[in-house]
Amino acid sequence: MFDVAIVGGGPAGSSCAAFCAKAGLRTLLLERENFPREKVCGDCLNPGCWPVLHRLALAERVRALPHGVLNRVEFIGINGRTLAVELPATEDAEIALKRNLFDQLLLARARELGATVCEATTVTALSPPGNAKENWMITAGDKTFESRTLVAADGRNSTVARLCGLLPRSEKERIALQTHLPLPEGFGDRIVLQFLPDGYSGQAPVGGGELNLCLVSVPRKMAALRNWAEARFGISPDHAWRTITPLTRAPISAGHDSLFLVGDAARVVEPFTGEGIYYALASGELAAAAIVSQSGGRSADEVSAAYSAAHEKLYRGRLWINRLARAAVLSPHIGSAILGMARFQPALLRFLTSKIVG
Ligand SMILES: Cc1cc2nc3c(=O)[nH]c(=O)nc-3n(C[C@H](O)[C@H](O)[C@H](O)COP(=O)(O)OP(=O)(O)OC[C@H]3O[C@@H](n4cnc5c(N)ncnc54)[C@H](O)[C@@H]3O)c2cc1C
């Protein structure tokens, strides 16, 4: 019997579990994979993550992991023209690090703070409480767990949201491929966001002599984009890439009666902006605060409404950035045209970049 059960041990689930356990709640985290596990991601840690990592007493441990320092973003248009924007060079600046390392550290912190963590445990069925006195019954294989509150932190294709009838139809208009490669010589301390005729590519050094390479395109153009990457980076045609879809999905209301959605399970942001991990950590912390206040005696209705409002506020003002990024990525010609304008208005590109990386 737990106060809170969290499904998914990515940044959203581990952040929520760590804050709940720290506050003294009986916390359960159920994760499908055995960690360390890789994840399709650009591996860039937005500066907004640092305050949450400080509150989890993790900032120094994250900095001690192999990582790439990022001094600038380079935007490359279809025509090959490059525009660079310098990134802030403070201690809490943007870095890139592999998700297998980052996610494992967060999960270990949740465990250290007292959460019960079950790996290789896939949630397959749920039975919601019939009234305020009943609990969630959560089934994973042949095990059943009981909890007062449930948190969906199981990513963009959330099983919890699907089982609760909340998962919207996904737009499979684009897919992503991702891999790690040996870092090309002289690559430098930069993120590259490159528009190509068949989609776009993100590249960032992640430390340990490795490069993160992401490709995003519509399904019919992905083979051509992959051919470009094979030629550009000397990748063999039988190289195993990780893949994920959808990249866009309608948001789900984040607060329900004794059910909270966090991270990608609630809302997916454009990968191009490199902010998903920040939102995952921050919404995990917000949900934990809501759950703690409910266990302190606040009514479930009041708590779920307050969490939904706080969640909405967290993402407020981001919609236009996401729309712009999506338009730029869906049509590399639009992306290149924006870059063309920015050549004559460098302040525009600096402004857009600062909106994302602070
Ligand atoms: C191509 C691409 C590039 C990106 N680049 C960046 C970037 O550079 N920077 C950035 O900040 N964000 C980036 N993102 C976004 C970022 O990866 C996500 O926003 C982030 O991983 C969300 O974290 P999460 O904890 O919500 O979900 P996830 O990280 O997806 O974690 C969900 C967890 O739930 C587990 N799970 C799923 N189903 C079940 C189940 N039934 N039972 C138990 N466990 C389950 C999974 O195994 C997984 O560990 C990118 C995304 C894409 C697609």
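Bear in mind the structure is a predicted one, so any value in this text is a computation, not a measurement. (Residues numbered from 1 in each chain as written. Predicted model: local features only at pLDDT ≥ 70, side-chain atom pairs only at ≥ 80, totals over all residues.)

## Details of the overall build of the chain
Okay, so step 1: Check the secondary structure of the chain and you find 11 helices and 18 strands.
Okay, so step 2: Taking 2.2 N^0.38 as the reference for a compact globule, 358 residues should give roughly 21 Å; the C-alpha atoms of the chain span a radius of gyration of 20 Å, in line with that estimate.
Okay, so step 3: Here the chain holds 358 residues, and 46% of them are scored as buried.
Okay, so step 4: Taking all contacts inside the chain whose residues are at least 6 apart in sequence as the whole, residues at least 24 apart take part in 74%. (Helix = DSSP H or I, 4+ residues; strand = E, 2+ residues; numbered from the N terminus. Rg over C-alpha atoms; globule rule 2.2 N^0.38 Å. Buried ≥ 20, exposed ≤ 12 C-beta atoms within 10 Å, placed from the backbone. Contact = placed C-beta atoms within 7 Å.)

## Quick notes on the site of the ligand
Okay, so step 1: Around the ligand, the surrounding shell holds 40 residues, and the nearest of these are Gly8, Gly10, Gly42, Gly263 and Gly276.
Okay, so step 2: Elements with a contribution of two residues or more to the shell around the ligand: α1 (11–22), β12 (175–182), β15 (210–217) and α7 (276–295).
Okay, so step 3: In terms of residue count, α7 provides more of the shell around the ligand than any other element does, four residues in total.
Okay, so step 4: Split into classes, the residues belonging to the shell around the ligand amount to 19 nonpolar, 13 polar and eight charged. (Near = placed C-beta within 6 Å. Nonpolar A, V, L, I, M, F, W, Y, C, P; charged D, E, K, R; others polar.)

## Some details on the domain arrangement of the chain
Okay, so step 1: For the chain, the assigned domains are domain 1 (2–43 + 98–170 + 249–316) and domain 2 (175–246 + 321–357).
Okay, so step 2: Every contact between the two is made by 16 residues of domain 1 and, on the other side, 19 residues of domain 2.
Okay, so step 3: For the side of domain 1 that touches domain 2, the class distribution of residues is five nonpolar, four polar and seven charged. (Domains from an automatic or database assignment.)

## Examining the environment of Ala59
Okay, so step 1: For Ala59, the position within the fold is in helix α3 (residues 59–63).
Okay, so step 2: Between the C-alpha atom of Ala59 and that of Cys49, which follows or precedes it by 10 residues, the distance is 9.2 Å.
Okay, so step 3: Apart from residues lying up to four places away in sequence, Ala59 is in contact with Trp50, Leu53 and His54.

## A closer look at the nonpolar core
Okay, so step 1: Core analysis: the largest hydrophobic core is formed by 91 residues, its most contacted members being Ala5, Ile6, Cys16, Val151, Phe260, Val262 and Ala287.
Okay, so step 2: For this core, the element with the highest residue contribution is α7, accounting for 11 residues.
Okay, so step 3: Shared between two domains, this core holds at least three residues of each, these being domain 1 (2–43 + 98–170 + 249–316) and domain 2 (175–246 + 321–357).
Okay, so step 4: Setting aside chain neighbours within four positions, we find Val262 in contact with Ala12, Cys16, Val151, Ala153, Ala280, Ser283, Gly284 and Ala287. (Core = buried A, V, L, I, M, F, W, Y, C linked by C-beta atoms within 7 Å.)

## A look at α1
Three or four residues apart is the spacing at which side chains of an α-helix point the same way, because the helix has 3.6 residues per turn.
Okay, so step 1: Between the first and last C-alpha of α1 there are 16 Å, a value that for 12 residues agrees with the 16 Å anticipated at 1.5 Å per step.
Okay, so step 2: Judged by how many residues are buried, α1 sits mostly within the fold: 12 of 12 residues are covered.
Okay, so step 3: Buried residues along α1 sit in contact with β1 (2–7), β2 (27–30), α2 (49–55), α4 (99–112), β11 (143–152) and α7.
Okay, so step 4: Directly beyond the C-terminal end of α1, a positive phi value near 95° is found at Gly24. (Expected span 1.5 Å × (residues − 1).)

## Description of the packing of α7 against helix α8 (residues 300–315)
Okay, so step 1: Packing of α7 against α8 leaves a shortest axis separation of 10 Å and a crossing angle of 160°. By the angle between their directions, the pair α7 and α8 is classed as roughly antiparallel. In this structure, α7 crosses over α8, and the sense of that crossing is right-handed. Counted together, Tyr279, Ala282, Ser283, Leu286, Ala287, Ala290, Ser293 and Gln294 of α7 and Ala300, Val303, Ala306, Tyr307, Ala310, His311 and Leu314 of α8 form the full contact between these two elements.
Okay, so step 2: When grouped by side-chain class, the residues that make up the contact of α7 with α8 number 11 nonpolar, four polar and no charged. (Axes fitted to C-alpha atoms, helices over the stretch in contact; angles between N-to-C directions. Parallel < 35°, antiparallel > 145°, perpendicular 65-115°, else oblique. Left-handed = near helix turned anticlockwise from the far one by under 90°.)

## With respect to the sheet that holds strand β3 (residues 44–45)
Sheets are built from strands paired through backbone hydrogen bonds, the pairs being either parallel or antiparallel.
Okay, so step 1: Reading across from one edge, β3-β7-β4 is the order of the three strands in this open sheet, with antiparallel pairing throughout. At either margin of the open sheet sits one strand with a lone partner, and together these are β3 and β4 (68–69).
Okay, so step 2: Sheet topology note: the β3/strand β7 (residues 95–96) ladder contains two bridges and is antiparallel. Bridging from a neighbouring strand, Leu45 pairs with Ile95 of β7. (Pairing = 2+ DSSP bridges.)

## A closer look at α4
Okay, so step 1: When the terminal C-alpha atoms of α4 are compared, their 19 Å separation across 14 residues agrees well with the 20 Å that a helix rising 1.5 Å per residue should span.
Okay, so step 2: For α4, the full list of buried residues reads Arg99, Phe102, Asp103, Leu105, Leu106, Leu107, Arg109 and Ala110.
Okay, so step 3: Here the buried face of α4 lies against α1, β2, α3 and β8 (116–118).
Okay, so step 4: Just beyond α4, the residue with positive phi is Gly114, at close to 115°.

## Focus on the sheet that holds strand β5 (residues 72–76)
Okay, so step 1: Within the open sheet, the seven strands sit side by side as β6-β5-β13-β14-β15-β12-β16. Their pairing is mixed. On the outer flanks of this sheet lie β6 (82–86) and β16 (242–244), each paired with one strand and no other. When strand polarity is set aside, the average angle formed by the axes of neighbouring strands in this sheet is 20°.
Okay, so step 2: Across eight bridges, the pairing between β12 and β15 is antiparallel.

## Here we look at the pairing of strand β10 (residues 136–140)
Okay, so step 1: Direction of pairing for strand β9 (residues 125–127) relative to β10: antiparallel, over a ladder of three bridges. Residue pairing for β10: Ser127 is matched across the bridge by Met137.
Okay, so step 2: The pairing of β10 with β11 spans five bridges and is classified as antiparallel. Looking at β11, one finds that Trp136 is bridged to Ser147.
Okay, so step 3: Counted between consecutive antiparallel strands, the loop separating β10 from β11 contains two residues, among which Gly141 sits at a positive phi close to 60°.

## A few points about the pairing of strand β13 (residues 190–196)
Okay, so step 1: β13 sits mainly inside the fold: six of its seven residues count as buried.
Okay, so step 2: With five bridges joining them, β5 and β13 adopt parallel strand pairing. Residue pairing in the sheet places Phe75 in a bridge with Leu193 of β13.
Okay, so step 3: In this structure, β13 lies alongside strand β14 (residues 199–207), joined through five bridges in antiparallel fashion. Counterpart to Phe195 in the pairing with β14 is Tyr200.
Okay, so step 4: With antiparallel pairing between neighbouring strands as the criterion, β13 and β14 make up a hairpin whose turn holds two residues.

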